[in-house]
Amino acid sequence: QVQLVESGGGLVQAGGSLRLSCAASGSIFDINDMNWYRQAPGKPRELVATISSDGSTAYVDSVKGRFTISSDNAKNTVYLQMNNLKPGDTAVYLCNVHIIGKNGIGNSYWGQGTQVTVSS
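Residues numbered from 1 in each chain as written. Predicted model: local features only at pLDDT ≥ 70, side-chain atom pairs only at ≥ 80, totals over all residues. Heavy atoms only, no water.

(A) Local environment of the pairing of strand β4 (residues 28-39). Examined bridge by bridge, β4 and strand β9 (residues 91-101) share nine bridges and lie antiparallel to one another. Directly across from Q39, in β9, lies its bridge partner V92. Here β4 pairs with strand β5 (residues 46-51) via five bridges, running antiparallel. When the sheet's bridge partners are listed, Y37 is paired in β5 with L47. Following β4, the chain reverses through six residues before pairing antiparallel with β5; G42 in that reversal takes a positive phi of roughly 75°. (Pairing = 2+ DSSP bridges. Helix = DSSP H or I, 4+ residues; strand = E, 2+ residues; numbered from the N terminus.)

Spelled out as structure tokens, the structure:
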């Protein structure tokens, strides 16, 4: 059994910053890639940032230079530092982690989502 718990969302003015966290716990043997998605009302879910087990990162073009994904492997936690936020960043942000359980089986897990609202 694996659980992901997100924190750090909220309301911020344009130009402000927020830091999201997503902590995984439970029967974890190893973690592969860790991802942040977002979903705005009426829009499809969008992959925002990803960090691989080797530390390599990738971002959607709209957040490059403003968002930074990082991880703390000892804590099984992934972060998303969001700077210079824009109203277009308003969405529910969800973490997604690919975990190998202690039974050797891999699965994809989702956090509960955290609301980020950026006012103009």
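(B) Inspection of the side chain of T77 at higher detail. Mapped onto the fold, T77 is located in strand β8 (residues 77-82). Given the relative accessible area of 6%, T77 is considered buried. At 2.9 Å, the side chain of T77 forms a polar contact with the backbone oxygen of K75. When near neighbours in sequence (up to four residues on either side) are disregarded, T77 contacts C22, A23, M34, S70, S71 and D72. (Buried < 20%, exposed > 50% of the residue type's maximum accessible area, 1.4 Å probe, protein only. Polar contact = N/O pair within 3.5 Å; in protein donor to acceptor, adjacent residues only side chain to side chain. Contact = heavy atoms within 4.5 Å.)

(C) Expanded view of the state of the cysteines. One pass over the structure, following the stated rule, counts one disulfide. Paired through a disulfide, C22 and C95 show a sulfur-sulfur distance of 2.0 Å. When the S-S torsion is 50°, as for the bridge of C22 with C95, the disulfide is right-handed. Taken as a pair, C22 in strand β3 (residues 18-26) and C95 in strand β9 lie far apart in primary sequence, 73 residues in all. Assessed through its relative accessible area of 0%, C95 is described here as buried. (Disulfide = S-S within 2.5 Å.)

(D) Expanded view of the nonpolar core. By size, the foremost hydrophobic cluster in this structure holds 29 residues, and its most contacted members are W36, F67, V78, L80, M82 and Y93. If you list the elements that add at least two residues to this core, you get β1 (2-7), β3, β4, β5, β7 (67-72), β8, β9 and β11 (114-119). If you tally residues by element for this core, the top one is β9, at five residues. With residues up to four places along the chain from it excluded, the contact list for M82 reads G16, S17, L18, L20, R66, F67, Y93 and V116. (Core = buried A, V, L, I, M, F, W, Y, C linked by side-chain atoms within 4.5 Å.)

(E) Structural detail: the packing of aromatic side chains. Enumeration according to the criterion identifies one aromatic pair in this entry. Between Y37 and W110 the ring centres are 5.0 Å apart and the planes differ by 55°, which places this aromatic pair in the tilted class. Here Y37, found in strand β4, pairs with W110, found in strand β10 (residues 106-110); they are 73 residues apart in sequence, far enough to count as distant. Take W110: its relative accessible area is 37%, and that puts it in the partly exposed class. A cation over a ring is seen here: R19 above Y79, with NZ or CZ 4.0 Å from the ring centre. (Phe/Tyr/Trp six-rings, centres within 6.5 Å; stacked < 30°, edge-to-face > 60°. Lys NZ or Arg CZ within 6 Å of the ring centre and 35° of its normal.)

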